[in-house]
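The chain contents come next:
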Amino acid sequence: MGAVRTKRMPRAVREQQMLDAAVRIFGRRGYMAASMDEIAELAGVSKPLVYLYLNSKEDLFTACIRREAAALTEAVRTGVRRDLPADRQLWDGLRAFFAYTAEHPDGWSVLHLQARTHGEMFAAEVAAMREEIVAFVTQLIAAAARAAHCDPDLPEREVAGLAEALVGAAESLAAWANATPGVTARQSAATLMNFAWAGLGNLMNGRPWTPPAAGD
């Protein structure tokens, strides 16, 4: 094990250093396989100091989830200009989402894979972030319906379902893009826009697809 650096620095800076190391280890090795010794070594601190600052492995993982979730949500929100048309807002939001997940693959692994599979407490932290993003997308779809002047009273349940489907597709596509060399954030955003917005555009313009009659 390498020597631990002992240079003094503000607690907030040191804590972020620990979280950086923890996100990297959790994201690459998984929650169960990650060790506090490994995290402390990567952060350049002693293991007792990690416990002093962040109490336990569970608390450390929770802190990682909360930090990464807040950063992802903020990236999406700040990437969107609310004075633009709904399709442009969605495009900018998707580009911001895919850019962030591509630039922070370990953080995305913590949110999308690790947190969801290692206990209800961790999954609930991610669910809170996801609900905020779904609510944001729901607002975009509802605004697009109003702007189209065709169905300003699009059923709330249908809008909510469309938002859930779009966010779920974005999550899956981000995981695929991060595992596929050469796929850019712009390409991922364009793929999802082509997949989703054409259908949304038809719906907004009063041309929804309807299922065949029962038995067909």
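Rules of the game
Residues numbered from 1 in each chain as written. Predicted model: local features only at pLDDT ≥ 70, side-chain atom pairs only at ≥ 80, totals over all residues. Heavy atoms only, no water. 1 Å grid on protein atoms, 1.4 Å probe; cavity = no way out; pocket = protein on both sides within 12 Å on 5 of 7 lines; lining within 4 Å. Points joined across faces, edges and corners; volume = space filled by probe spheres on them. Helix = DSSP H or I, 4+ residues; strand = E, 2+ residues; numbered from the N terminus. Nonpolar A, V, L, I, M, F, W, Y, C, P; charged D, E, K, R; others polar. Expected span 1.5 Å × (residues − 1). Buried < 20%, exposed > 50% of the residue type's maximum accessible area, 1.4 Å probe, protein only. Contact = heavy atoms within 4.5 Å.

K.L.:
Quick rundown of empty space enclosed by the protein? Include the residues and the values.
P.N.:
Following the criterion strictly, the structure yields two cavities of 30 Å³ or more and no others. If you add up the space inside the largest cavity, you get close to 180 Å³. Among the elements of the structure, α4 (57-78), α5 (86-103), α7 (120-148) and α8 (156-179) are those that each provide at least two residues to the lining of the largest cavity. The space that makes up the second largest cavity amounts to roughly 40 Å³. When residues of the lining of the second largest cavity are traced back to their parent elements, those giving at least two are α5, α8 and α9 (185-204). When grouped by side-chain class, the residues that make up the lining of the second largest cavity number six nonpolar, four polar and no charged.

K.L.:
An account of α8 is requested, with residue identities and associated values reported.
P.N.:
Since the α-helix advances by 3.6 residues per turn, residues separated by three or four positions end up pointing in the same direction. Look at α8: 35 Å from first C-alpha to last across 24 residues, which is about the 34 Å you get at 1.5 Å a residue. Buried within α8 we find V159, A163, L166, V167, A170, E171, L173, A174 and A177.

K.L.:
Break down the environment of D87 for me, citing the residues and quoting the values.
P.N.:
With respect to the helices, strands and loops of the structure, D87 is situated in helix α5. Under the relative-accessibility criterion, D87 is labelled partly exposed at 35%. As for D87 and L140, which are separated by 53 residues in sequence, their C-alpha atoms are 8.4 Å apart. When neighbours within four sequence positions are excluded, D87 is seen to be in contact with M193 and W197.

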